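Listed below, chain by chain, are the residues.
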Amino acid sequence: ISGAVPELALPGLPPLSAGAALALAAVVASIAYATSPAATIAVIKEVDASGPMTRTVLSSVVLKDVVVVLLYSIASALAADALGLSGAGDSLGTTLLVGVGGSVVVGAALGAGVAAYVRWVGREVLLFLVAIIYSATLLARALELAPVLMFISTGLAAASLTRQTDLLLDHI
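Below is a summary of the structure that appears in this document. In this text the structure is predicted, and so the values were computed from the model without any measurement.

A short note on the packing of aromatic side chains
Here comes step 1: All chains considered together, the criterion is met by 1 aromatic pair.
Here comes step 2: Here Tyr117 and Phe128 contribute two aromatic rings whose centre-to-centre distance is 3.8 Å and whose plane-to-plane angle is 5°, an arrangement assigned as stacked. Residue Tyr117 is located in helix H4 (residues 92-120), and its partner Phe128 is located in helix H5 (residues 125-143); the two are separated by 11 residues in the primary sequence. The pair Tyr117 / Phe128 is uniform in exposure class, with both members buried.
Here comes step 3: The ring of Tyr33 is capped by Lys64, whose NZ or CZ atom sits 4.5 Å from the centre of that ring.

Describing the nonpolar core
Here comes step 1: Counting residues in hydrophobic clusters, the biggest one holds 8 residues: Val114, Tyr117, Val118, Val125, Phe128, Leu129, Ile132 and Ala158.
Here comes step 2: Every element with two or more residues in this core is listed here: H4 and H5.
Here comes step 3: Sorting elements by how many residues they give to this core places H5 first, with 4 residues.

What about the environment of Ala116?
Here comes step 1: Mapped onto the elements, Ala116 comes out in helix H4.
Here comes step 2: Each C-alpha atom, one on Ala116 and one on Thr162, is 7.8 Å from the other, the two residues being 46 residues apart in sequence.

Remarks on the side chain of Ser73
Here comes step 1: Tracing the backbone through its elements, the reader meets Ser73 in helix H3 (residues 52-82).
Here comes step 2: The exposure class assigned to Ser73 is buried, which follows from its relative accessible area of 13%.
Here comes step 3: With residues near it in sequence (within four places) discarded, Ser73 still touches Leu96 and Val100.

Quick notes on H3
Here comes step 1: Counted at 1.5 Å a residue, the expected span for H3 with its 31 residues is 45 Å, and the 44 Å between its end C-alpha atoms agrees.
Here comes step 2: When we look at burial in H3, the residues that qualify are Thr54, Val61, Asp65, Val66, Val68, Val69, Ser73, Ala75, Ala77 and Ala79.
Here comes step 3: Turning to H3, the residues buried within the fold contact helix H1 (18-32), helix H2 (37-46), H4 and helix H6 (147-161).
Here comes step 4: Two residues or fewer after H3 comes Gly84, characterised by a positive phi angle close to 80°.

Brief notes about unusual backbone geometry
Here comes step 1: Positive phi is not limited to glycine here, since Asp48 has a value of about 55°.
Here comes step 2: Mapped onto the secondary structure, Asp48 falls in the loop between H2 and H3.
Here comes step 3: Of note, Glu144 is a non-glycine position whose phi angle comes to about 55°, a positive value.
Here comes step 4: Position of Glu144 among the secondary structure elements: in the loop between H5 and H6.

What about the packing of H3 against H4?
Here comes step 1: Interaxial distance between H3 and H4 falls to 10 Å at its minimum, and their mutual angle equals 140°. Here H3 is positioned oblique relative to H4, judged by the angle of their axes. When you trace H3 past H4, the crossing you get is right-handed. Contacts between H3 and H4 involve Leu70, Ser73, Ile74, Ala77 and Leu78 from the former and Leu92, Thr95, Leu96 and Val100 from the latter.
Here comes step 2: Split by residue class, the contact of H3 with H4 holds 7 nonpolar, 2 polar and no charged.

Conventions we followed
Residues numbered from 1 in each chain as written. Predicted model: local features only at pLDDT ≥ 70, side-chain atom pairs only at ≥ 80, totals over all residues. Heavy atoms only, no water. Phe/Tyr/Trp six-rings, centres within 6.5 Å; stacked < 30°, edge-to-face > 60°. Helix = DSSP H or I, 4+ residues; strand = E, 2+ residues; numbered from the N terminus. Buried < 20%, exposed > 50% of the residue type's maximum accessible area, 1.4 Å probe, protein only. Lys NZ or Arg CZ within 6 Å of the ring centre and 35° of its normal. Core = buried A, V, L, I, M, F, W, Y, C linked by side-chain atoms within 4.5 Å. Contact = heavy atoms within 4.5 Å. Expected span 1.5 Å × (residues − 1). Axes fitted to C-alpha atoms, helices over the stretch in contact; angles between N-to-C directions. Parallel < 35°, antiparallel > 145°, perpendicular 65-115°, else oblique. Left-handed = near helix turned anticlockwise from the far one by under 90°. Nonpolar A, V, L, I, M, F, W, Y, C, P; charged D, E, K, R; others polar.

As structure tokens, this is what we get:
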């Protein structure tokens, strides 16, 4: 990590092999690539934008976050393996299948639940969303899933399964 100047090494981190340093650099790079969909939504609401260009921009920001989560999952699994922190039987494929695949499946199920709530109940939506967010975050931590990917899947599933997306966006 310190490169040509050894004095710039991170404190508390032992000297790393080239592979471990590259794996950690990939983790940092994947984090640096992330953007905030919330900021994009705020700008869209502020200027009251609508139309195909707005939908394209918002879709590309969300899609970029999916790519970031996938890159981070791969990079962190490689870094854990390079640093000797992965479990004995954990392979990259297993880690990605459980972490990424599980996040998508749980997120889609939550999205179906949100869509059903909005369709058949439709009251106290903000309270329901806060309860879902806290409960799902607790579930993601317990199952060692990727919360960001889980919530992106939740939003995609809820938007696809209900026609009342304006009601959801008004409460966000």
